[in-house]
Amino acid sequence: MPHSETTTITTPPPPTTAPAGTGGAGGASAAVRTAPADHRGSWLRFSPAQPLFRARAAQRLAVLAYHGITEPRSFGAQLDRLRRLATPVSLTAVEQAVAQGRPLPPRSVLITFDDTDRTVLTHALPVLAARRIPAAAFVIAELIGTDQPFWWHEAAFLARHGGRSRLVPTGRPAELLARLKALPDPDRRRSLHELRVSAHRRPPRQEQLTPEDLRALRDGGVSIGNHTLGHPSLGRCDDATVHSEIAGAHLALDKWLGEPPTAFAYPDGGYDPRADAVLRQLGYRLGFLSDHRLGPRLPAHPLRISRLQVDSTTSTRRFDTILSGLEPALQRWRGATA
């Protein structure tokens, strides 16, 4: 039986790093946060191609996708950089551009957060509010008001403490999580249950946002969007689960906020046509990917808007090369030639 002792944490450990635009530890995409990556970004800033990419980016929409904010001071420096180089816009402004068929202003940037742990409220909101910069946060509805950790953090902890599952051979945390994500969603949830039952320690608890916190974020200029009920890989879900994951979260957010959400971020960042159909039925206006790309100032496909992966610890030099699109282009070129 699992050990009965529990502890509490207020912020999660940072996810395992992965190349920007790919799934991180929990299917939550994360920008590279290693020293070599930042060193490469610093060098790229002085590349002869950077001015060309920056000029091209002026005619594109940059949507930045963060997760938790672990370095508020660095995050503030990034926002100050944005105020000098770009035009921060709100989720509502993007919706209006789509509805009216009018491109957003040059150098428009929208800031978004996926998963939305408490650091978005405690660390990001004060920094954003001090600079009057709007943002959008996409939440996992079944975690709101709980102390349940994100499932990828929980699975990794349980595996390190003796947890076993019949369908997922234990191994390194990154391998375990990749296998869990690849399972059909009922099997993923069943495997998580088996890990909980067999582990000899319970994972630390994680205080999640409450409905009151969601309203505080919204009132502070951070729009709240749908990130499903439980953050599954939608491509591994059957049709009924795709519908229930989106519609269930939609109803919960409508109840908590007094208004239905109109924007959605795909878990793991990958587009799913069945999800697109559900979103259209529910009246969603925007949907966001995690493909590490810039998009047009007037989104051609409002339910498939590209985003750039970035982290609060990213240096301002590397931040510039991400914002210009130079580093994402280099990553795609390296992937194509690998």
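Use the structure listed above.
Residues numbered from 1 in each chain as written. Predicted model: local features only at pLDDT ≥ 70, side-chain atom pairs only at ≥ 80, totals over all residues. Heavy atoms only, no water.

Quick look at the packing of aromatic side chains
Threshold: The criterion for an aromatic pair is that two Phe, Tyr or Trp rings (for Trp, the six-membered ring) have centres within 6.5 Å, with stacked assigned to planes under 30 degrees apart, edge-to-face to planes over 60 apart and tilted to the rest. In this analysis the charged atom, NZ for Lys or CZ for Arg, is taken to sit over a ring once it is within 6 Å of the ring centre and within 35 degrees of the ring normal.
Under the counting rule described, the total for this entry stands at eight aromatic pairs. A cation sits over an aromatic face here: Arg188 above Trp151, 4.8 Å from the ring centre.

Remarks on the side chain of Arg297
The condition is simple: Helical segments are the DSSP runs of H or I of at least four residues, strand segments are the runs of E of at least two, and each set is numbered from the N terminus. Accessibility here uses a 1.4 Å probe with only protein chains present; expressed as a share of the type maximum, an area under 20% marks a residue as buried, one over 50% as exposed, and anything in between as partly exposed. None of His or the chain ends enter the tally, which takes Lys and Arg as positive and Asp and Glu as negative. By salt bridge we mean one thing: a side-chain nitrogen of Lys or Arg within 4 Å of a carboxyl oxygen of Asp or Glu. Two N or O atoms count as a polar contact when they lie within 3.5 Å, although within protein this holds only if one can serve as hydrogen donor and the other as acceptor, and sequence-adjacent residues are included solely when both atoms are side-chain atoms. It only takes one pair of heavy atoms within 4.5 Å for two residues to be counted as in contact.
Of note, Arg297 is situated in the loop between strand S10 (295-296) and strand S11 (308-309). Among buried Asp, Glu, Lys and Arg side chains, Arg297 stands out as unpaired, with Asp291 the closest opposite charge at 17 Å. A distance of 2.8 Å separates polar atoms of two side chains, one belonging to Arg297 and the other to Gln59. Look past the residues within four positions of Arg297 in its chain and what remains in contact with it is Ala58, Gln59, Arg60, Leu61, Pro103, Leu104, Pro105 and Pro106.

Some details on the nonpolar core
Heads up, the rule is: Only buried residues count toward a nonpolar core. Its members are Ala, Val, Leu, Ile, Met, Phe, Trp, Tyr and Cys residues joined through side-chain atoms within 4.5 Å.
Judged by nonpolar contacts, the single largest core of 40 residues is most densely connected at Phe113 and Leu128. No other element matches helix H5 (residues 119-131), which puts six residues into this core. Aside from chain neighbours lying at most four places away, what touches Phe113 is Tyr66, His67, Ile69, Phe75, Val120, Ala124, Leu128, Ala135, Ala136, Ala137 and Phe138. Membership of the second largest hydrophobic core comes to 16 residues, among which are Leu143, Leu176, Leu192 and Ala199.

A short note on the pattern of salt bridges
Side chains that carry opposite charge are capable of pairing whenever their charged atoms lie near each other. For the structure shown, the criterion picks out 21 salt bridges. In this structure, Asp114 engages Arg307 in a salt bridge whose closest nitrogen and oxygen atoms are separated by 2.7 Å. With Asp114 in strand S4 (residues 108-115) and Arg307 in the loop between S10 and S11, this residue pair connects regions lying 193 residues apart in the sequence. Residue Arg307 is classed as buried on the basis of its relative accessible area of 0%. With a closest N to O distance of 3.6 Å, Glu142 and Arg189 form a salt bridge. Of the two residues, Glu142 is situated in the loop between strand S5 (135-139) and helix H6 (151-160) and Arg189 in helix H8 (residues 185-198); the sequence distance between them amounts to 47 residues. Look at the salt bridges and you will find they share partners, linking Glu142, Asp185, Arg188, Arg189 and Glu245 into a network.

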